[in-house]
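Here is how the chains run, residue by residue.
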Amino acid sequence: MAKKILILNGSPKKDGNTSIMVGWFTDAIKSRAEIEIVNTAFLKYKVNGCISCRKCQKIEKYECCIDDDAKTVLVKMADADVIVFATPLYFFGASAQIKLVFDRMFSLYKWDNDAGTMKTPLKGKTMVVLASAFEDIGLDALEKPFSLTADYTGMKFESVLAANAGTSGEIIQKRPDVRQQLESLGAKIIEV
Ligand SMILES: Cc1cc2nc3c(=O)[nH]c(=O)nc-3n(C[C@H](O)[C@H](O)[C@H](O)COP(=O)(O)O)c2cc1C
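So, here is what we can say about the structure in this document. Being a predicted model, the structure only gives us computed values, none of them experimental. (Residues numbered from 1 in each chain as written. Predicted model: local features only at pLDDT ≥ 70, side-chain atom pairs only at ≥ 80, totals over all residues. Heavy atoms only, no water.)

Considering helix 3 (residues 96–104)
Okay, step 1: By the burial criterion, the buried members of helix 3 are Ile 98, Val 101, Phe 102 and Arg 104. The arc enclosing the buried residues of helix 3, seen along the axis, measures out at 165°, which places them on a common side.
Okay, step 2: Residues of helix 3 that are buried make contact with strand 1 (3–9), helix 2 (69–79), strand 3 (82–88), strand 6 (126–132) and helix 4 (139–153). (Buried < 20%, exposed > 50% of the residue type's maximum accessible area, 1.4 Å probe, protein only. Helix = DSSP H or I, 4+ residues; strand = E, 2+ residues; numbered from the N terminus. Arc of directions from axis to C-beta. Contact = heavy atoms within 4.5 Å.)

A word on unusual backbone geometry
Okay, step 1: With a phi close to 65°, Arg 54 is a non-glycine residue in the positive phi region.
Okay, step 2: Topologically, Arg 54 is positioned in the loop between strand 2 (33–39) and helix 2.
Okay, step 3: The class of Arg 54 is partly exposed, set by a relative accessible area of 43%.
Okay, step 4: For Phe 92, which is not a glycine, the phi torsion comes out positive at approximately 65°.
Okay, step 5: Relative to the assigned elements, Phe 92 resides in the loop between strand 3 and helix 3.

A short note on the nonpolar core
Okay, step 1: Counting residues in hydrophobic clusters, the biggest one holds 31 residues, and the most contacted among them are Leu 8, Met 77, Ile 83, Phe 85, Met 105 and Phe 146.
Okay, step 2: At 4 residues, the largest contribution of residues to this core is made by helix 4.
Okay, step 3: With residues up to four places along the chain from it excluded, the contact list for Leu 8 reads Val 38, Thr 40, Val 73, Met 77, Ile 83, Val 84, Phe 85, Ala 86, Ile 98 and Val 101.
Okay, step 4: Grouped together as the second largest cluster of nonpolar side chains are 24 residues, Val 22, Val 84, Ala 162 and Ile 189 included. (Core = buried A, V, L, I, M, F, W, Y, C linked by side-chain atoms within 4.5 Å.)

As structure tokens, this is what we get:
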């Protein structure tokens, strides 16, 4: 069965470097995978990020209790084999547009603090980070919260980080080599 790849694009630039990276990645795998792309910059929310209401911890289902677009994305995350977070570097971190969805992932975990246990349907999936930056400092800082979360969750982790990619759209001229990296990553992900 074809792998389900959910790509969350956290850039507000529809034709920017993040979208180009997503395009190169999907071109490499589209004949062999079921791909869905969600642009998180254009989702509609009822709250500004996770509001820590913790209602999700009191129900059996792994779902957010706030009924907005993030809730729909979270259902797709639980259903995917591979979750891709694609983002520009914004002040040495991921974009706020991706972080809004990332924090709402709280509802996909159940913690029992007395027993010291954590359960999540994300365990065993693969997390991928695709990111670009104008300069060559900071992409490691961007990657860290994602790789730590993947490790904590029991997910496999992969990334392609494109430093010196210029401003939106310039990655084509400045880092054409990134396309090959994304093709290699695509092949690896489909094979696993
Ligand atoms: C708000 C904002 C913050 C940025 N912060 C950084 C930064 O800290 N370091 C850097 O190298 N580039 C920074 N950039 C540049 C972008 O990360 C870079 O141009 C990226 O490839 C743009 O991707 P996009 O076209 O998908 O938006 C920033 C751009 C914006 C708009």
